[in-house]
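Residue-level structure breakdown
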Amino acid sequence: MSNNEEEIMKTKRILTMQDLSCVGQCSLTVALPILSRYGIETCVLPTAVLSNHTMFKGWSYLDLTPEIPVIYENWKNNNIKFDAFLLGYLGKAELMALAEKCFDEFSEDGAPVIIDPVFADNGKLYGGFDLNYVAEMRKLIKRADIILPNVTEACFLTETEYREEQGDEYIKELANKLFEMTGKTVIITGVESGGYIGEYILTEIMRAKKPTRKGTYVLLEKLPEKRHGTGDIFASVFTASYLGGKSLSDSCSLASRFVIDCLKNTDRAHFYGVNFEKVLNK
Ligand code: PXL
């Protein structure tokens, strides 16, 4: 087989399950172009169609939950399977059981599940979410191979009080609690330390033939601006890089750099997202 043929054979097919916000540079409108740009066949399962994301003053919401079993039926008939899954904003607690059904029925052997829980930030739940959603997410993350909560989501999931002042011990405590709940790789995002921002990765490795937890920080420069959608961009670049064979920490570092670049390429007046399109073409 020629190199080119091998490349063609190896193309991975991912399913990304999240909402479709018509306007807002988040969820599917970032995951689809980013994953595709990295050469991954990207299939989508839109959980809802929103006029725009929920950081605008108002939004419409068409719930697609009732359509999902119909989609599954057709995928089943067409024998469709996926090599990986990336989940972001789902929107309704009922979607968690449908996500599990999706992993059960449409996974190729060993297909990794990457879940960004997406329901809270800055110590608060996003509009439209409640503690029942968090409880269902607590069950769903047990099916993940990698979870990508921010600090607030990590607090809700572990029932830990949110603190503005965080520190190393607090972050490690959150990560260890999540590791105990899932037994899989935990990556806490938006971790701040001494003017830097990044991730804390907690994963299990074999050391002297024994499974041992290994924690690593990936910290980069912190820019003053905070923008919407950067978590979704981070998750997409991280996933593309990880599926491409890079390590967890290299994938975090690449994804963080990508987000920093997006922020640097976004006008201050552009309040609702970042211009990732400019970075995608670099
Ligand atoms: O970026 C996360 C996200 C995705 N989708 C919708 C959102 C949000 C965050 O608020 O509102 C609809």
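In case you missed it, the structure is sitting above this.
Report follows, based on the coordinates. Please read these numbers as outputs of a predicted model, since none were measured by experiment.

A short note on the pairing of strand β10 (residues 196–207)
Pairing of strand β9 (residues 185–193) with β10 involves six bridges; the strand directions are antiparallel. Looking across to β10, one finds that I187 is bridged to I201. The turn linking β9 back onto β10 is made up of two residues, and G194 within it adopts a positive phi angle of 50 degrees. With 12 bridges joining them, β10 and strand β11 (residues 210–221) adopt antiparallel strand pairing. Bridge pairing links L202 to G215 in β11.

Here's the deal with the sheet that holds strand β5 (residues 113–115)
What the nine strands build is an open sheet, ordered β3-β2-β1-β4-β5-β8-β9-β10-β11; its pairing is mixed. This sheet does not close on itself; its edge strands, each paired only once, are β3 (61–63) and β11.

Let's talk about the site of the ligand
Lining the immediate environment of the ligand, one finds 13 residues, of which D19, S21, T54, H228 and D232 sit closest. At 2.7 Å, a side-chain N or O of D19 approaches a nitrogen atom of the ligand. With respect to the ligand, the side chain of D232 contributes an N or O atom lying 2.7 Å from an oxygen atom. In isolation the ligand has 320 Å² of accessible area, and contact with the protein removes 97% of it. Under a 2 Å grid-point criterion requiring more than half of the atoms, the pocket assigned to the ligand is the largest pocket. Here the shell around the ligand is built from residues that sort into six nonpolar, five polar and two charged.

Side note on helix α8 (residues 230–243)
Over its 14 residues, α8 extends 20 Å from the first C-alpha to the last, a length consistent with the 20 Å expected when each residue adds 1.5 Å. Across the 14 residues that make up α8, a large majority, 12, are buried. Every buried residue belonging to α8 is among T230, D232, I233, F234, A235, S236, V237, F238, T239, A240, S241 and L243, and all of these are buried. A positive backbone phi angle near 100 degrees is found at G245, which sits one or two residues after α8.

Thoughts on the nonpolar core
Among the nonpolar cores identified, the biggest contains 50 residues, and Y72, F85, L87, I115, M137 and L140 are the most heavily contacted of them. With seven residues, the single largest contributor to this core is helix α4 (residues 95–106). Once you skip the residues sitting within four places of it in the chain, I115 turns out to touch L87, M137, L140, I141, A144, I146, I147 and L148.

Description of the state of the cysteines
Summed over the entire model, instances satisfying the criterion amount to zero disulfides. Here C43 is not cross-linked by a disulfide; its sulfur's nearest cysteine counterpart is in C102, at 10 Å. No disulfide involves C262; its sulfur sits 14 Å from the nearest other cysteine sulfur, which is in C26.

Focus: the layout of surface pockets
Unfilled space is identified by rolling a water-sized probe across the atoms. Estimated volume of the largest pocket: approximately 1400 Å³. Residue lining of the largest pocket: 50 residues in total, with D121, K226, R227, T230 and G231 positioned closest to the centre. Counting only elements with at least two residues in the lining of the largest pocket, the list comes to β1 (13–21), β7 (124–125), α6 (151–158), β9, β10, β11, α8 and α9 (248–264). Taken together, the residues of the lining of the largest pocket sort by class into 17 nonpolar, 18 polar and 15 charged.

About the thresholds
Residues numbered from 1 in each chain as written. Predicted model: local features only at pLDDT ≥ 70, side-chain atom pairs only at ≥ 80, totals over all residues. Heavy atoms only, no water. Pairing = 2+ DSSP bridges. Helix = DSSP H or I, 4+ residues; strand = E, 2+ residues; numbered from the N terminus. Near = heavy atom within 4 Å. Polar contact = N/O pair within 3.5 Å; in protein donor to acceptor, adjacent residues only side chain to side chain. Areas by Shrake-Rupley, 256 points an atom, 1.4 Å probe, with all protein chains shown as cover. 1 Å grid on protein atoms, 1.4 Å probe; cavity = no way out; pocket = protein on both sides within 12 Å on 5 of 7 lines; lining within 4 Å. Sits in = over half its atoms within 2 Å of the grid points. Nonpolar A, V, L, I, M, F, W, Y, C, P; charged D, E, K, R; others polar. Expected span 1.5 Å × (residues − 1). Buried < 20%, exposed > 50% of the residue type's maximum accessible area, 1.4 Å probe, protein only. Core = buried A, V, L, I, M, F, W, Y, C linked by side-chain atoms within 4.5 Å. Contact = heavy atoms within 4.5 Å. Disulfide = S-S within 2.5 Å. Points joined across faces, edges and corners; volume = space filled by probe spheres on them.

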